[in-house]
Structure formats: C-alpha cells, structure tokens
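Read off the chains here:
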Amino acid sequence: MTPKEQITELRTVLHKHNYNYYVKHNPEISDFEFDKLLKQLQDLEQQYPEYYDPNSPTQRVGSDLSSDFTQEVHEYPMLSLANSYSKEDLQEFDARIRKILGDRPFIYTCELKYDGVSISLQYKNGKLTRALTRGNGIQGDNITNNAKTIKTIPLQLHGNFPNELEIRGEVVMPRAGFNALNEERIEQGEQPFANPRNAASGSLKLLNSREVARRPLQANMYYIPSETPTDSHFENLELARSWGFNVPELSEQCKNIDEVYAFINKWDTKRKDLPFDTDGIVIKVDSISLQEELGMTAKTPRWAIAFKFKAEQARTRLISVDFQVGRQGTITPVANLEPVLLAGTIIKRASLYNADQMKELDIRINDYVFIEKGGEIIPKVVSVDTAARDEHSKPLQFITHCPECGAELIRMEDEANYYCPNSKHCPPQIKGKIEHFVGREAMNIALAGATIEQLYNAGLLNNAADFYTLTYNDVIHLDRFAEKSAKNLIDSIQESKSVPFHRVLYAIGIRHIGKASAKVLANKFHTIDAIQNASLEELQETEDVGEIIAESIKQFFADDDNRAFIQKLKDNGVQFEVKEKAAASSTVLEGKTIVISGTFRDHSRDEMKDLIEANGGKNVSGVSKSTTYLLAGEGIGPSKLEKAQTFGVQIISEDEFYAMIGQQSSEDTHPTSENKKPTSGEQQLSLF
Ligand code: IVH
C-alpha cells in the first residue's frame with residue numbers, strides 16, 4: 001500500500017469507529033486500539049503533509065450529533081484530553097509543563113475519570129438555562145429537557161454562586177441501576193445495553209424526557225470553564241458542591257508525579273468498589289492562572305492529561321469457534337468459551353477478529369486464553385496461554401466456505417478479512433442490508449431486527465425495495481402484528497419516501513459509502529443518474545471520494561440486479577434527486593460579513609455562500625476583527641476558531657443561521673417523530 005492509500009484507509013476505519021462510538025454508542029474496538037490507530041494516522045499525516053484533510057479523524061474531537069435535537073454552539077469549546085498509559089508518559093507530561101512554567105511552584109489535582117457522557121451546563125443567576133452534549137466540541141445537541149430529569153443536576157443553585165456559570169461533568173449510570181435496567185429490557189424483549197456508558201449515552205439522547213427521567217442517571221461534575229471564584233481548580237469544585245452540584249469526594253491534590261502515581265495505584269484496584277465505572281484518572285494543574293498560561297493545543301489542553309487504566313483480563317478455555325457473516329459478507333470468527341466472570345459480567349463468547357489474528361494467536365481448541373473487555377459488546381481474545389497447551393493439539397484452520405450459504409470464500413489482496421461473495425443470496429447479508437436500509441440515519445423506517453427476520457422468512461422481503469410493495473394485508477396476518485403495528489409500519493414506509501436523497505444514497509448500501517461521502521456525492525451530482533453516469537475520474541474529483549469509493553460505485557452500477565433495485569425504488573417514489581429549495585432572498589444580513597468553516601448538514605459550502613449573498617450578507621474567507629459571524633459546521637478549522645475567539649467574533653451554528661434568514665432546516669422538514677421510534681437513541685443496527 002502507498003502511504004496515501006494507508007492514510008485513506010486509516011481515515012475510513014477511524015471515521016467508522018468514531019461513528020460507532022459517538023453516534024451508535026456501540027464501539028467495536030477498545031480506546032487503546034483506537035488511540036493506536038489514531039497515532040499511526042497522526043504520524044503518517046505529519047510525514048506526508050501533502051495529504052492534509054480538514055475532515056480527517058485527527059482534526060476533530062469526535063461527534064455525537066443526533067438529528068433529533070437542535071444544535072448550539074458551545075460558549076467555551078469542549079475539548080478532549082490527551083491520553084497516557086505509563087509512568088513515563090506522565091513524566092513527559094510533567095517535564096513539558098515544567099519547561100513552560102520554569103521555577104514557579106505548582107501542584108496537581110487528581111480525579112477519577114468517570115466513564116459516561118460529557119455534558120456542559122449553563123446557569124444564569126443560579127438557574128439552569130441550557131445543557132449541551134459535547135457534539136463535535138464546537139457545537140452540541142441541546143438536551144436541556146433531558147438534563148433536567150437528572151436528579152443530581154441542580155435546577156436552581158444555592159449559596160454564593162457566580163451569576164454566570166458554565167460547568168461540565170460526566171453523566172454516568174451506576175452499575176446497580178444499569179443491571180436493573182438491562183434485566184427489565186431483556187424481560188421486555190429489548191436489546192440490553194453493552195455497558196453503562198452506552199446506556200447513559202443512549203438515555204440522554206432519548207426523545208422522550210419522561211422516559212429519561214426513569215433512567216438511573218447521575219451527573220458527576222469536574223470542570224468550570226467560565227470565570228471561577230478562586231485560583232484553585234480543587235477549591236472551585238468544593239465550592240461547586242456547596243452550590244448544589246454532585247462533585248464526588250474522590251479527588252486529591254498531589255505535589256509531584258510520584259504522588260500522582262500513588263493515587264493511580266490506589267484507584268487501579270479500589271475503583272472496583274465504586275458504584276459507577278471509571279476508565280482512568282485525570283491529572284490537572286490545579287492553578288487556574290497557570291492553566292491559562294499553559295493554554296491549549298488545537299485539540300487538548302496542555303495542563304491536563306488522562307491516564308487510562310489497563311482493561312481487566314480473565315483466563316478461560318476455548319470450546320469452539322463460530323464464523324459469523326456480516327452485512328457486507330465479512331467473516332468474523334467468534335470464540336465460544338467456558339463461562340468466566342470478567343469486570344462484573346459472565347462471558348461466554350469473544351471475538352477473534354479475522355484470519356490473520358487467529359493465525360497470529362495460533363489459537364487451538366481447548367487452549368486456555370486471556371480475554372479483555374474494551375467497551376465493545378463482545379470482548380476479545382488477547383492472548384493464548386501456550387504453556388498450558390495440550391501438546392497434541394493442532395492449529396485451527398480458517399473455513400473455506402460460507403457457513404450460511406456454502407459459497408466459497410474469497411480474500412482480497414492486502415485485506416485481513418475473508419468475504420462471502422454471494423451477496424445476493426446469502427441470508428445474513430440480505431437481512432443485514434435491509435437492517436442498514438431502515439436505520440435511523442438512513443430511511444428511518446420503524447422496524448426491529450426481529451421483524452425483518454420475520455418478513456424475510458415469510459418471503460415478503462427479499463431486498464429493501466420490497467418494502468414499497470408491502471401492504472397492510474400482507475403483514476396483518478403475521479404473528480406479533482396487530483392493527484396498530486401493521487398500520488405504523490406501512491405509514492413509516494410511506495413517510496420514508498420523503499427522506500432526502502443523500503440519506504437514500506447512504507441507505508442503498510454501496511460498499512464504502514458512509515453518511516459523509518453520500519452527502520458530498522449528492523451535493524455534487526444532484527441525481528442518482530448523474531452518479532451512475534459519472535466517470536471514474538469525475539467521481540474521484542469529488543471531495544473525500546478516493547479510488548476505493550469511486551470503484552465501488554462503478555461496480556455497484558455495473559450489476560443488473562442493483563440497477564433493477566434502484567429502478568424499483570424510483571418507481572415507488574423514493575427520492576433520487578436533491579430537491580431544489582426555493583432560493584430565499586432578503587436583506588437581513590445586510591452589512592454583515594460571515595466566514596464559513598467546516599461542512600454542513602443541509603447544504604454544500606457553495607450553497608451556504610449563495611444563501612449568505614441572497615440574504616444581503618458578504619462571505620469572506622478569513623476571520624478578522626471586522627467579521628460579524630463565524631458560521632461553524634462540523635470539523636471547523638481550529639485556527640479559524642481561535643481567531644474568532646481572539647477577536648470576539650460571534651460563532652453561530654447551522655440552525656442558528658437558518659433561523660436568522662428564516663429558512664427551514666431539514667430538522668424542521670423531517671422531524672423524527674417521537675412515537676415513531678421511541679428508542680431511537682438506542683438502536684443497535686449493524687451499519688458497517
Ligand atoms: S476534564 C479541558 N475531568 O474524559 C478538560 N474530564 O478524554 C476537560 N472525563 O471529555 C475534561 N472524567 O468527558 C475531565 N474528572 C474528569 C473527567 C473527564 C471523565 C471525560 C470527559 C472528557 C473526556 C476526555
């Protein structure tokens with residue numbers, strides 16, 4: 001692979017994992033592995049700056065924007081922390097600080113790193129006025145109504161609080177409440193949450209705040225970005241406790257890295273006795289004025305660092321290996337294990353990832369293996385206890401044929417995975433594609449995985465286009481369908497016909513086309529026919545579309561069945577072109593200069609420029625002191641942001657901009673109604 005290809009691949013993989021983590025609340029790899037891949041990409045990008053991409057996963061802090069809440073710009077950007085894993089890493093962190101601060105004395109505050117979802121709360125005159133999620137760090141979802149249901153979040157402060165306050169913390173779900181919630185979900189036939197963090201994150205994104213109120217959530221506060229009463233971070237948080245916030249009494253002030261390390265060692269074991277999950281320690285320079293002096297890098301503060309605990313391991317025996325087939329035909333080997341207790345749950349299965357990993361582990365039936373949980377649903381096998389191996393055991397062979405349909409497996413050059421090439425007739429691939437199609441960010445058809453299985457088995461659904469010829473009479477006779485549920489399904493299918501083209505393009509499941517590339521392609525080509533007829537070169541000239549995606553598009557349309565699939569969707573009224581919005585025109589932006597940065601949900605950057613001009617404003621490229629607004633999209637450039645802050649330029653979000661010019665946003669035209677998908681924040685669809 002050339003460095004360029006390597007960079008592209010790493011970006012694709014990391015985007016996928018970012019999405020799994022932040023949007024699906026369903027990560028597939030551990031933070032440690034994620035950080036390793038990110039580091040690889042950072043190194044390559046540094047080595048080959050010519051492949052710079054403002055939307056690279058290295059350029060952003062992650063995104064959990066959901067389409068159901070309005071997005072608002074954070075008053076203070078919500079950055080994340082750099083990670084460390086060893087005492088040496090901490091010593092380097094300490095040395096960097098000492099180099100900047102010289103002889104000036106300082107101390108650290110050490111805190112637990114709560115494993116949940118971060119939240120930023122704003123208080124005016126002691127009243128809670130706004131609660132935002134982190135989102136992409138620049139703008140987050142307004143979840144005030146949900147936050148208000150969390151008992152540890154004060155609605156009215158008491159004592160001697162500042163009139164203007166922004167305070168941050170982590171919303172967690174204590175383990176006891178998590179276990180009870182999961183038991184209830186299993187009883188009701190719902191999918192249990194993989195871990196308390198996913199449960200907290202899914203709960204905060206529920207559209208029905210009454211339902212949120214029933215979730216056992218707790219907010220632990222840890223940071224005040226607005227002006228504080230004292231120069232000590234530790235003391236400010238003590239004061240915050242006196243204003244009504246939940247600040248766990250677990251922090252300590254430490255004079256040096258040895259004391260920090262003692263704190264880490266203490267909590268590495270003791271944390272298991274805490275009622276909620278923690279995944280590390282956060283070390284902060286205690287003095288606010290020194291924090292200010294140390295400042296930030298583009299993504300993380302220089303005055304703080306996270307220390308990540310090593311994941312817990314357990315040892316058990318391998319009984320057998322299953323081979324699972326994914327939506328794109330990827331074969332994943334899964335180990336069946338003798339049940340073992342790991343970090344509070346009994347584990348019977350663990351991932352073996354792919355053929356390469358199996359070979360590298362040289363894993364054999366009856367081997368003793370070590371497993372580790374990394375936040376994903378199923379843990380993974382990390383090593384084999386070869387010393388305890390039966391000397392007569394034989395290496396395991398990877399399968400040669402698909403366990404579901406019998407087709408001979410293939411393996412692409414340079415790829416670690418085997419595929420089942422029988423994409424059109426292999427049942428898990430067909431069902432997986434349909435599940436992807438109905439997903440909330442795709443066609444948003446209200447349908448559970450089990451119902452897809454049922455419709456498929458009944459012969460009513462052979463591909464997603466069959467939805468559009470499905471009738472009330474077809475489904476009403478099926479088990480588990482009643483008048484209301486049958487009507488809801490048919491209504492939901494009808495409603496999906498108004499889903500905008502870019503989401504349709506994502507839904508049809510062309511290999512390698514994610515949400516972002518679908519949007520870029522839709523904005524550039526406007527219709528599916530134009531995409532189908534575009535040459536490989538034209539496709540590749542599109543922002544973010546490389547050789548792999550372009551070839552995958554060509555391959556998709558070269559297939560007769562795929563073209564027939566699209567034709568059937570078209571004939572049934574699914575959107576295959578961008579709907580032109582009537583160009584609004586007004587003078588509301590007269591005299592205003594606006595800089596745009598990042599990418600936007602509803603419009604391309606060029607369209608945003610046109611909108612600014614159509615409403616009397618002026619679009620300029622650089623932020624200066626005469627700029628009126630910085631219009632912030634996703635993946636906004638850090639230097640623009642910094643300048644905006646320096647010059648005191650007001651930062652506005654996409655939705656705020658539409659409100660200014662009186663245009664409806666896609667959020668207004670395609671609301672996700674709450675009764676349609678009450679658990680939309682928790683869906684566990686396999687999108688990749
Ligand atoms: S301080 C600018 N303190 O960890 C400093 N973060 O990887 C802001 N977290 O986004 C963060 N416990 O969601 C801080 N005691 C703690 C924390 C904590 C958990 C989370 C937080 C943050 C992430 C950074």
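Bear in mind that the values here come from a model prediction, so they are computed numbers and not experimental data.

A. The sheet that holds strand 20 (residues 618-619), seen in detail. Taken together, the 4 strands give an open sheet; going across it, the order is 20-19-21-22, and neighbouring strands pair in parallel fashion. In this open sheet, the two strands that pair with only one neighbour each are strand 20 and strand 22 (650-653). The sheet contact formed by strand 19 (residues 593-597) and strand 20 spans 2 bridges and is parallel. Each bridged residue has a counterpart across the sheet, and for Ile-594 the counterpart in strand 20 is Asn-619. Packing of helix 22 (residues 605-614) onto the sheet brings it into contact with strand 19, strand 20 and strand 21 (629-632), and relative to strand 19 it is tilted by some 170 degrees. Together, strand 19, strand 21 and strand 22 form the strand contacts of helix 24 (residues 654-661), whose direction differs from that of strand 22 by roughly 90 degrees.

B. Spotlight on the nonpolar core. In terms of nonpolar packing, the biggest core is built from 51 residues, with Phe-437, Ile-445, Phe-467 and Ile-508 touching the most fellow members. Secondary structure elements with two or more residues in this core: helix 12 (427-438), helix 13 (449-457), helix 15 (483-495), helix 16 (501-507), helix 17 (515-525), helix 18 (528-533), helix 20 (547-558) and helix 21 (560-571). In this structure, Leu-128, Ala-131, Ala-147 and Leu-204 belong to the second largest nonpolar core, which totals 34 residues.

C. How the structure looks around the packing of aromatic side chains. Using the criterion set out here, one finds 14 aromatic pairs in the structure. Between Phe-556 and Phe-557, the ring centres sit 5.2 Å apart and the planes meet at 85 degrees, which makes this aromatic pair edge-to-face. Each member of the pair, Phe-556 as well as Phe-557, carries the same accessibility label: buried. Grouping aromatic residues by their ring pairs yields a cluster made of Phe-93, Phe-106 and Tyr-108. Just above the ring of Tyr-368 sits the side chain of Arg-315; from NZ or CZ to the centre is 4.2 Å.

D. Quick look at the packing of helix 20 against helix 21. The geometry of helix 20 relative to helix 21 is characterised by a closest axis approach of 5 Å and an angle of 85 degrees between their N-to-C directions. Here helix 21 runs roughly perpendicular to helix 20, going by the angle between their axes. Residues Phe-556, Phe-557 and Ala-558 of helix 20 form the contact with helix 21, whose own contacting residues are Asp-560, Asn-562, Arg-563 and Ile-566. Taken together, the residues of the contact of helix 20 with helix 21 sort by class into 4 nonpolar, 1 polar and 2 charged.

E. The arrangement of a negative patch on the surface in detail. Taken together, the side chains of Glu-5, Glu-9, Glu-413, Asp-414, Glu-547 and Glu-551 present a region of like negative charge at the surface. Elements that contribute at least two residues to the negative patch include exactly helix 1 (3-22) and helix 20. Checked against the element boundaries, Glu-5 lands in helix 1. For Glu-5, a relative accessible area of 35% translates into the label partly exposed.

F. A look at the sheet that holds strand 11 (residues 304-308). The strand order across the open sheet formed by 5 strands is 2-11-10-3-9, and the pairing between neighbours is mixed. Among the strands making up the open sheet, the edge pair consists of strand 2 (83-84) and strand 9 (252-254). With 5 bridges joining them, strand 10 (residues 278-285) and strand 11 adopt antiparallel strand pairing. Looking at strand 11, one finds that Val-282 is bridged to Ala-306.

G. Representation of the environment of Arg-168. Positionally, Arg-168 belongs in strand 7 (residues 164-172). The exposure class assigned to Arg-168 is buried, which follows from its relative accessible area of 4%. Sequence-wise, Arg-168 and Gly-432 are 264 residues apart; in three dimensions their C-alpha atoms are separated by 39 Å. Those residues in contact with Arg-168 that sit more than four places away from it in its chain are His-74, Tyr-76, Pro-77, Met-78, Ile-119, Ser-120, Met-221, Tyr-222, Tyr-223 and Pro-225. In this structure the side chain of Arg-168 is engaged in a polar contact, spanning 2.8 Å, whose partner is the side chain of Ser-120.

H. Structural context of the site of the ligand. Lining the immediate environment of the ligand, one finds 13 residues, of which Glu-111, Leu-112, Glu-170, Tyr-222 and Lys-284 sit closest. Lys-113 has a polar side-chain atom sitting 3.3 Å from an oxygen atom of the ligand. Note that a nitrogen atom of the ligand is positioned 3.0 Å from one of the side-chain N or O atoms of Lys-284. For the ligand, the protein covers 91% of the area, taking 530 Å² as the surface of the free molecule. For the shell around the ligand, the secondary structure elements donating two or more residues are strand 3 (108-114) and strand 10. Top contributing element to the shell around the ligand by residue count: strand 3, with 4 residues. Grouping the amino acids of the shell around the ligand by side-chain chemistry returns 7 nonpolar, 1 polar and 5 charged.

What counts and what doesn't
Residues numbered from 1 in each chain as written. Predicted model: local features only at pLDDT ≥ 70, side-chain atom pairs only at ≥ 80, totals over all residues. Heavy atoms only, no water. Pairing = 2+ DSSP bridges. Helix = DSSP H or I, 4+ residues; strand = E, 2+ residues; numbered from the N terminus. Contact = heavy atoms within 4.5 Å. Axes fitted to C-alpha atoms, helices over the stretch in contact; angles between N-to-C directions. Core = buried A, V, L, I, M, F, W, Y, C linked by side-chain atoms within 4.5 Å. Buried < 20%, exposed > 50% of the residue type's maximum accessible area, 1.4 Å probe, protein only. Phe/Tyr/Trp six-rings, centres within 6.5 Å; stacked < 30°, edge-to-face > 60°. Lys NZ or Arg CZ within 6 Å of the ring centre and 35° of its normal. Parallel < 35°, antiparallel > 145°, perpendicular 65-115°, else oblique. Nonpolar A, V, L, I, M, F, W, Y, C, P; charged D, E, K, R; others polar. Patch = residues over 30% accessible without salt bridge, like charges linked within 9 Å, V, L, I, M, F, W, Y side chains within 5 Å. Areas by Shrake-Rupley, 256 points an atom, 1.4 Å probe, with all protein chains shown as cover. Salt bridge = Lys/Arg side-chain N within 4 Å of Asp/Glu carboxyl O. Lys, Arg positive; Asp, Glu negative; His and termini not counted. Charge placed at Lys NZ, Arg CZ, Asp CG, Glu CD. Polar contact = N/O pair within 3.5 Å; in protein donor to acceptor, adjacent residues only side chain to side chain. Near = heavy atom within 4 Å.

Shape is all these values report; function is a separate question.
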